[in-house]
Every structure is written in C-alpha cells, then in structure tokens.
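# Coordinate inspection notes
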Amino acid sequence: QQQVKQSPQSLIVQKGGISIINCAYENTAFDYFPWYQQFPGKGPALLIAIRPDVSEKKEGRFTISFNKSAKQFSLHIMDSQPGDSATYFCAAGSGATNKLIFGTGTLLAVQP
Amino acid sequence: DSGVTQTPKHLITATGQRVTLRCSPRSGDLSVYWYQQSLDQGLQFLIQYYNGEERAKGNILERFSAQQFPDLHSELNLSSLELGDSALYFCASSPTLAGGRETQYFGPGTRLLVL
C-alpha cells in the first residue's frame, strides 16, 4: 500500500513535443504529490507539487494532472527541450508518515 | 545549490569495512532524511531525524545506523559492507517534521563503491 508505481521507465521525445509521465498510488491517506527532477551527478530537486484539493497545477511548461478517484497523477512537459533531459521521480506523502515514497523514476531524453 | 552538503563525494572501500557519510542540512532545517539510490531499486527512504531524534524509519538494514547531532548535522554509518551496498546515498533536509508534506532539499550525494 505504500508503493508508488511510475511509468514509463524511459521516454524519448522530440524537441517541442509533449512528455507525459504517469504515477499511481494505493494509499488514500497520501495528500501531497510532488515531482522531483534529477540531472546526472546531482541530487533530486523539487519541480512541482500538488495537493488533492485541485485537479491540475501548472507552472510554466510543467503541469500536474491529478485524478483522485483513480488514484493517479501525471506530469506533462509541454514544448519539451533538450535541457529537460533528466530523470523524473513522482512521490507521495502525508502528514501521518513524515516521509515521501518515491516512484522508480523515468529517464527522459529530449532529442534536438 | 540546495544548501545541503554531503561528504565525501566518492568513497571506495572493501567488503566487511565500515564507513561514515556526513550531511549538513540547510540552515534552519530541523529534519534530515537519508535515501539510498541504486539502479534497480530507485530512491529508497532509509531514515528520518528531527531535531536530534529518530522520527521515521524505512528500509534501513540493521548494519546501517544514523544519528543527528546537536548542531543538526547527521551521519549515516554503514558497517559490514557488502557488494550490494554500492549505491548513491542522498541526504535531504526540510524545515519541519512534516517531510511527507513539504519540500525536501537534497544534497549532491555520496557515491559508495564496495569492492
């Protein structure tokens, strides 16, 4: 119940295209859903996060879509750029656990 | 730069040995988290300390232990090392106890190679 399932494992997108990464969770107690971006040789860094009281959050080219009934959330990267090439992790957490449960990561490559 | 520092950056050691990884959180952050990142396991939460006390535990082996000192820096001790312990170890910090609901700031990691 503590797992967060992430897909796809890897993704290749052309420059200017849309990158979509999906995550699913089981534990209905989760109420915080962040996405972290990790470049090679660096630690993960928060990209964008959503709480379940909204169905969508947009920050620039990055959008989180959240479906509470399906227990799924996704990251959309519009107009993908080569500089977006990185590993993306979804995560889920709640105040009850004090910790984040991370998905297994998606390696995104944006081809010029 | 997240403001979280980790030392050393790289560590090469032999099986059976013991190592200590060090982390300094962002200024003002009271919680420290340790994660292990390996190719096949992704980012696995190990343990959380808040203001010197252990507050949450994940998939941490008994051979591993951690502590947080009065100045809030933390150390992760790995003993009786095995080949499978080779991984990236990240430290993260956050302002409060509620690591499941707030941004965690990650350090650059320590890459451990056990030969």
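Below, the structure is looked at part by part. (Residues numbered from 1 in each chain as written. Chains lettered and ligands numbered in written order. Predicted model: local features only at pLDDT ≥ 70, side-chain atom pairs only at ≥ 80, totals over all residues. Heavy atoms only, no water.)

## A short note on the packing of aromatic side chains
Definition in use: Stacked, tilted and edge-to-face pairs are distinguished by plane angle, under 30 degrees for stacked and over 60 for edge-to-face with tilted covering the rest, among Phe, Tyr and Trp rings (Trp via its six-membered ring) whose centres lie within 6.5 Å. We count a stretch as a helix when DSSP gives it H or I for four or more residues in a row; a strand needs E for two or more, and each element gets its number in order from the N terminus. Exposure categories follow from relative accessible area, calculated using a 1.4 Å probe and restricted to protein chains: below 20% of the type maximum is buried, above 50% is exposed, and the middle band is partly exposed.
What the rule picks out here adds up to 16 aromatic pairs over all chains. Taken together, a centroid distance of 6.1 Å and an interplanar angle of 80 degrees make the contact between F102(A) and F106(B) edge-to-face. A residue pair is termed interchain when its members come from two chains, as with F102(A) in strand β10 (residues 100–102) and F106(B) in strand β10 (residues 105–106). Owing to a relative accessible area of 3%, F106(B) belongs among the buried residues under this scheme.

## Re a nonpolar patch on the surface
Note the cut-off: Patches here are clusters of residues that have more than 30% relative accessible area and form no salt bridge, with a 9 Å joining cutoff for like charges and a 5 Å cutoff for nonpolar side chains (Val, Leu, Ile, Met, Phe, Trp, Tyr). Note on areas: Shrake-Rupley with a 1.4 Å probe; residue coverage comes only from the protein chains shown. For salt bridges, the criterion is a side-chain nitrogen of Lys or Arg within 4 Å of an Asp or Glu carboxyl oxygen.
Taken together, the side chains of I18(A), I20(A) and M78(A) present a nonpolar region at the surface, about 240 Å² in accessible area. Relative to the assigned elements, I18(A) resides in the loop between β2 (10–14) and β3 (19–25).

## Topic: the interface of chain B and chain A
By convention, interface size is frequently given as the accessible area that disappears when the constituent parts associate. The condition that has to hold: Note on contacts: a residue pair qualifies if any of its non-hydrogen atoms lie within 4.5 Å across the two residues. The buried area of a pairing is the accessible area, by a 1.4 Å probe, that goes missing from both parts when the two are put together, added over both. Two N or O atoms count as a polar contact when they lie within 3.5 Å, although within protein this holds only if one can serve as hydrogen donor and the other as acceptor, and sequence-adjacent residues are included solely when both atoms are side-chain atoms. Lys, Arg, Asp and Glu make up the charged group, whereas Ala, Val, Leu, Ile, Met, Phe, Trp, Tyr, Cys and Pro make up the nonpolar group; the residues left over, Gly among them, are polar.
Listed per partner, the contact involves 23 residues of chain B and 20 residues of chain A. Taken together, the two surfaces of chain B and chain A that pack against each other cover about 1600 Å², and 53% of this comes from carbon and sulfur. Looking only at chain B, the three residues that lose the most surface to chain A are L43(B), G100(B) and R101(B), adding up to 35% of its buried area. The tally of links from chain B across to chain A stands at one salt bridge. Of the charged contacts in the structure, one is a salt bridge between R101(B) and D31(A), with a shortest N-O distance of 2.3 Å. Our count for the chain B to chain A interface comes out at six residue pairs in polar contact (both at pLDDT 80 or more). If you list the elements that add at least two residues to the side of chain B that touches chain A, you get β4 (31–38), β5 (42–50) and β6 (53–57) of chain B. When grouped by side-chain class, the residues that make up the side of chain B that touches chain A number 10 nonpolar, nine polar and four charged.

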